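Coordinates in review
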Amino acid sequence: MKKIIQKHINVLAILFIGVIMITSQADAQDYVFKKYEPAVDYKTADKRASEILSNMTLEEKISLVGGERSFYIKGFEKYKIPELYLSDATQGVHIRKEINTGLPKSTAMPCPSALTATWNIELAHDYAKAVGEECRAGGIAVLLGPGMNIYRVSQNGRNFEYFGEDPFLAARMIENYVVGMQSTGTMATLKHFLLNNTEYYRRKSNSIVDERTIHEIYTPAFKAGIDAGALCVMTSYNQINGEWAAESKYVITDLLRKDLGFKGLVMSDWWSTWDPVKSIKSGLDLEMPGEPGNHKDVFAKIGNTFVKDNAAKLIEDKKVGVNDIDRMAKNIIRTSIQSGVYDRPVKDESYKNKFAEHEQVALNTAREAIVLLRNQNDILPILPDGKKKILLTGQFTETIARGGGSAKVEGYNIVTMADALKNIYGAQIDYIKNPADEELKKADVVLLSIGTLDSEGWDKDFNLPKETEDLVTNTAAKNPNVVVIVNTGGGVKMTNWNNKVAGILYGWYAGQNGNRALAEIVAGKVNPSGKLPITIEKKFEDSPGADYVSAGEKIYNTWVDDMQPEIPIRNVKYNEGILVGYRWYDAKNIEPLYHFGFGLSYTKFEYSSLNVSSQNVKKGSKVKVTFDVKNTGSIEGKEIVQLYVKDVESSVLRPEKELKGFVKISLKPGETRAVEMTLNEKDFSYWDVKKKNWKLEPGNFVILVGSSSNDIRASVNVAVK
Ligand code: BGC
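Now for a look at the structure at hand. (Residues numbered from 1 in each chain as written. Predicted model: local features only at pLDDT ≥ 70, side-chain atom pairs only at ≥ 80, totals over all residues. Heavy atoms only, no water.)

1. Notes on the overall build of the protein
Looking only at helices and strands, one finds 18 helices and 28 strands in the protein. Relative to the globule expectation of 27 Å for 721 residues, the C-alpha radius of gyration of the protein, 25 Å, shows essentially globular dimensions. By the burial criterion, 64% of the 721 residues in the protein qualify as buried. Considering only residue pairs separated by 6 or more positions, the protein has 78% of its internal contacts joining residues 24 or more positions apart. Working note: accessible area of the protein is about 25700 Å², and carbon and sulfur atoms make up 49% of it. Within the protein, one finds 93 positive and 91 negative side-chain charges whose respective centroids are separated by 3 Å. (Helix = DSSP H or I, 4+ residues; strand = E, 2+ residues; numbered from the N terminus. Rg over C-alpha atoms; globule rule 2.2 N^0.38 Å. Buried < 20%, exposed > 50% of the residue type's maximum accessible area, 1.4 Å probe, protein only. Contact = heavy atoms within 4.5 Å. Areas by Shrake-Rupley, 256 points an atom, 1.4 Å probe, with all protein chains shown as cover. Lys, Arg positive; Asp, Glu negative; His and termini not counted. Charge placed at Lys NZ, Arg CZ, Asp CG, Glu CD.)

Structure representation (structure tokens):
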């Protein structure tokens, strides 16, 4: 019998997925998104904040609006204001050795790009809840994540920290992340607002972007996080159209607060403010870290620009008002009250008992995140039947690949790739660090692990290092049955050897349990169900934004002191506008190596019976889209069903198609499910720069459903009147 999956997308960009008829055990579709409700409502918290503020001296208020000891917000015992610890970041708790919070370990979750590859909103919730609980165990009041800068170029060194190239997918994952995180009492911080899409001289880079692009591509994930109830936002290092994000009234007051409706606490990224008057007037609430730290040389050159040190004099000189400081302090106090930290201890040691659960979430995420990109002649799965001889070699077989910088998480109970495979295959697997040609030739299958170590602070070359490239081509020359396992944060170049290897598993940074998941997939114990949240280009020059580094310059791969005042500002022109990711490849007719939304399974799915509630839609009314998905293979599997909308004619440039719905469903062999999705007015609209709002232009649209952005299985026309 058929099961029916129903999906609605409402005007406020809040996704709701619910099962309306279940005939057997359901899975992810039972989960329903529900906005975060703060411990203390806004009005009550605001009143309490006013009372506290009325007792504080100006000096005390000023000392609150800049950070303390690098990662703290000051506390005042006499006002019962607790000191608050802020810690990184999106993929788990980054433990700083110099700060002892009594948290001995933290779970290394798969990186956020991997989480996004699951397309599983319930996992986004559970993953963030696990991280939030570890924050509570360590007395961390504010998590400095999730990061959600859109994947504009594959070379961004922080892509692993973010949620892929598509605003709709990122938005759905982020809203669930925020709710999962804040349900634990830990405040989430949406970062980095805005347009910090590469790391190359991130503190000297000026993102030049048009307004429509800002609204259609770069803010929807933030908007979703805000609508879900996120309490904090962190601004970015870069300039936006010539103004530093952390000092820009346009960015903070006009865009973030007025347009996107954010009412919480806005903090700066660490050392990213240069003019205290502008920072204060921009709408910023908290300057981090608010002191020179290890950048004393820079401030010796440019002078002391910190809000905390300058505010009193600036008030005296009437450059800023007491009311400005009051606003900043109030936003900090009110937001903290809302989270509950003024009414209970930040730290709750009982969460230390939940590590086993968190490890399980890390494992489940990895199981759904790994993407099978290539599987010639069904080389995978390789059954652990003692028959085939498997040789494992390559990089990251004894250590795990992970992202670095403030997002780095060490993890514990780490299972190496060699051990994870041995645990499943025993003697069937041979792990050889440097196999001789003969050994490579003799193996039935070679599992070759490669990867990159990406980090905040610099970008990574899309081209793999020469030794890695050589490793793959040489191995493939010896054996036709090579399966490459790619451990990385975003896209890397596979073009030269893609057709020479039998299989490719995109493993991302899969966290402390990632290798267990990988081994299960190789062995067929888990059917792969991840799909790419990014497009992987054939060559970097094919991609949008490929000219972000000026001619003659080269990216670097180590920390560069980009705060030095003599370093010039570099303009990064977002000339591709809204054509980011698959929107670009579609518009320019460039064939990428792997398309957005693509991923193979060990089974096959068939789509049929696409219908819409009406082909003539009145502006403002909703369109119900229904279709059936059947597992036509012989094993159970999960399919990520994708819905795209295409505007046929428009007075402005529209992408060829845009993702406006997805759902991950689990199907037994032979099972069929009816999927139902509801589209609303906004799903057909674009950002109108004249009206400064979303606009629906009546006309013909096509609704496309399929298994990837390039594998559309059915389509139907609708006319919007
Ligand atoms: C990063 C932020 C991080 C902060 C605090 C900065 O370098 O850009 O993402 O939250 O450091 O560690």
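2. A look at the state of the cysteines
What the rule picks out here adds up to 0 disulfides. The thiol of Cys-135 is unpaired, and the distance to the nearest cysteine sulfur, on Cys-232, comes to 12 Å. (Disulfide = S-S within 2.5 Å.)

3. A word on the sheet that holds strand E23 (residues 658-667)
Read across the open sheet, the 5 strands follow the order E20-E28-E27-E22-E23; overall the sheet is mixed. The sheet is open, and its two borders are formed by strand E20 (616-617) and E23, each paired with just one other strand. Summarising the sheet, strand E22 (residues 637-647) and strand E27 (residues 699-708) pair through 6 bridges and their orientation is antiparallel. Of the residues in E27, the one forming a bridge with Gln-642 is Gly-706. (Pairing = 2+ DSSP bridges.)

4. A closer look at the side chain of Thr-219
Among the structural elements, Thr-219 can be located in the loop between helix H6 (211-218) and helix H7 (220-227). Among the polar contacts made by the side chain of Thr-219, one reaches the main-chain carbonyl oxygen of His-215 at a distance of 3.4 Å. Apart from residues lying up to four places away in sequence, Thr-219 is in contact with Phe-193, Leu-194, Ile-214, Leu-255 and Leu-260. (Polar contact = N/O pair within 3.5 Å; in protein donor to acceptor, adjacent residues only side chain to side chain.)

5. Here we look at the pattern of salt bridges
Summed over all chains, the structure comprises 53 salt bridges. The partner of Asp-317 in a salt bridge is Lys-313, with the nearest N and O atoms 2.7 Å apart. Under the relative-accessibility criterion, Lys-313 is labelled partly exposed at 46%. The network of salt bridges with shared partners includes Arg-158, Glu-161, Glu-199, Arg-202 and Glu-456. (Salt bridge = Lys/Arg side-chain N within 4 Å of Asp/Glu carboxyl O.)

6. Regarding helix H5 (residues 167-182)
For an α-helix, 3.6 residues make a turn, and residues three or four places apart therefore share a direction. Under the 1.5 Å per step criterion, the end-to-end length of H5 is 22 Å for 16 residues, consistent within 8% with the ideal 22 Å. Counting buried positions along H5 gives 16 out of 16 residues, so the element sits mostly inside the fold. (Expected span 1.5 Å × (residues − 1).)

7. Let's talk about the site of the ligand
Near the ligand you find 14 residues, and of these Asp-88, Lys-191, His-192, Asp-269 and Glu-456 are the closest. Contact between the ligand and Asp-269: an oxygen atom at 2.7 Å from a side-chain N or O atom of the residue. In the shell around the ligand, the residues fall into 5 nonpolar, 2 polar and 7 charged. (Near = heavy atom within 4 Å. Nonpolar A, V, L, I, M, F, W, Y, C, P; charged D, E, K, R; others polar.)

8. Description of the environment of Val-32
Examined against the element boundaries, Val-32 turns out to sit in the loop between strand E2 (15-21) and helix H1 (42-55). Val-32 sits 43 residues away from Gly-75 along the chain, and the two C-alpha atoms are 37 Å apart.

9. Side note on the packing of helix H14 (residues 417-425) against helix H17 (residues 514-523)
Between H14 and H17, the shortest axis-to-axis distance is 8 Å and the interhelical angle comes to 40°. With respect to H17, the element H14 is oriented oblique. Considering only the axes of H14 and H17, their crossing is right-handed. Within the contact between the two elements, H14 uses Met-417, Ala-420, Leu-421, Ile-424 and Tyr-425 and H17 uses Asn-515, Arg-516, Leu-518, Ala-519, Glu-520, Val-522 and Ala-523. For the contact of H14 with H17, the residue count by class is 9 nonpolar, 1 polar and 2 charged. (Axes fitted to C-alpha atoms, helices over the stretch in contact; angles between N-to-C directions. Parallel < 35°, antiparallel > 145°, perpendicular 65-115°, else oblique. Left-handed = near helix turned anticlockwise from the far one by under 90°.)

10. Some points on the pairing of E22
Of all 11 residues making up E22, 9 are buried, and the element is well covered by its neighbours. Sheet analysis places E22 next to E23, joined by 9 bridges and oriented antiparallel. Considered in E23, the bridge of Val-645 is made with Glu-658.

11. Digging into unusual backbone geometry
The bulk of non-glycine residues show a negative phi, and the bulk of peptide bonds are trans. That bond from Gly-145 to Pro-146 is cis: its omega, 10°, falls within 30 degrees of zero. With respect to the helices, strands and loops of the structure, Pro-146 is situated in the loop between strand E5 (142-143) and H5. In this chain, Phe-193 is followed by Leu-194 through a cis amide linkage whose omega measures 20°. Mapped onto the secondary structure, Leu-194 falls in the loop between strand E6 (187-193) and strand E7 (205-208). Positive phi is not limited to glycine here, since Ser-70 has a value of about 70°. With respect to the helices and strands, the residue Ser-70 is situated in the loop between helix H2 (58-64) and strand E3 (72-73). With a phi close to 50°, Trp-119 is a non-glycine residue in the positive phi region. Position of Trp-119 relative to the elements: it lies in the loop between helix H3 (112-118) and helix H4 (121-137).

12. Description of H4
For H4, spanning 17 residues, the distance from its first C-alpha to its last is 25 Å, which sits close to the expected 24 Å at 1.5 Å a residue. Most of H4 is tucked away: 14 of the 17 residues are buried. Following H4 by one or two positions, Gly-139 adopts a phi angle in the positive range, close to 70°.

13. Side note on the packing of H4 against helix H13 (residues 355-369)
Describing two packed helices takes the angle between their axes plus the distance from one axis to the other. The N-to-C vectors of H4 and H13 enclose an angle of 145°; their axes lie 10 Å apart at closest approach. Between H4 and H13 lies a crossing of left-handed hand. Taking contact as the criterion, the partners of Leu-123, Asp-126, Tyr-127, Ala-130, Glu-133 and Glu-134 in H4 are, on H13, Phe-355, His-358, Val-361, Asn-364, Thr-365 and Glu-368. Split by residue class, the contact of H4 with H13 holds 5 nonpolar, 3 polar and 4 charged.

14. Structural notes on the nonpolar core
Ranked by internal contacts, the top residues of the largest apolar core, which has 178 residues, are Met-267, Trp-270, Ile-333, Met-494, Trp-497, Tyr-506 and Trp-508. If we ignore the near neighbours within four places in the chain, the residues touching Trp-270 are Ser-70, Phe-71, Leu-86, Leu-144, Arg-203, Met-234, Tyr-237, Met-288 and Pro-289. Listed in part, the 32 residues of the second largest apolar core include Leu-392, Met-417, Ile-429 and Val-483. (Core = buried A, V, L, I, M, F, W, Y, C linked by side-chain atoms within 4.5 Å.)

15. Considering the sheet that holds strand E17 (residues 503-506)
Spatially, E12-E17-E16-E15-E13-E14 is the arrangement adopted by the 6 strands of the open sheet, whose pairing is mixed. The strands lining the two open edges of the sheet, one partner per strand, are strand E12 (371-375) and strand E14 (429-431). Direction aside, neighbouring strands of the sheet carry axes that sit 20° apart on average. In this sheet, E17 lies alongside E12 in antiparallel orientation, the contact comprising 4 bridges. For Asn-375, the partnering residue across the bridge sits in E17 and is Gly-503. Against the sheet, H14 touches strand E13 (390-394), E14, strand E15 (445-451) and strand E16 (482-487), its axis set at about 160° to E14.

16. Notes on the packing of aromatic side chains
Here the structure, examined in full by the defined rule, presents 28 aromatic pairs. Plain terms: the ring middles of Tyr-127 and Tyr-177 are 6.0 Å apart, the flat faces sit at 55° to each other, and that makes the pair tilted. Of the two residues, Tyr-127 is situated in helix H4 and Tyr-177 in helix H5; the sequence distance between them amounts to 50 residues. By relative accessible area, which is 0% here, Tyr-177 ends up buried. Where Phe-168 meets Phe-662, the ring centres are 6.1 Å apart and the plane angle is 90°; that geometry is what we call edge-to-face. You can see Phe-168 sitting in helix H5 and its partner Phe-662 sitting in strand E23, a full 494 residues away along the chain. Phe-662 carries the same exposure label as Phe-168, and that label is buried. Among the aromatic residues, those joined into a cluster by ring pairs are Trp-119, Phe-168, Tyr-582, Phe-596, Tyr-644 and Phe-662. (Phe/Tyr/Trp six-rings, centres within 6.5 Å; stacked < 30°, edge-to-face > 60°.)

Read these as spatial facts, not as claims about activity.
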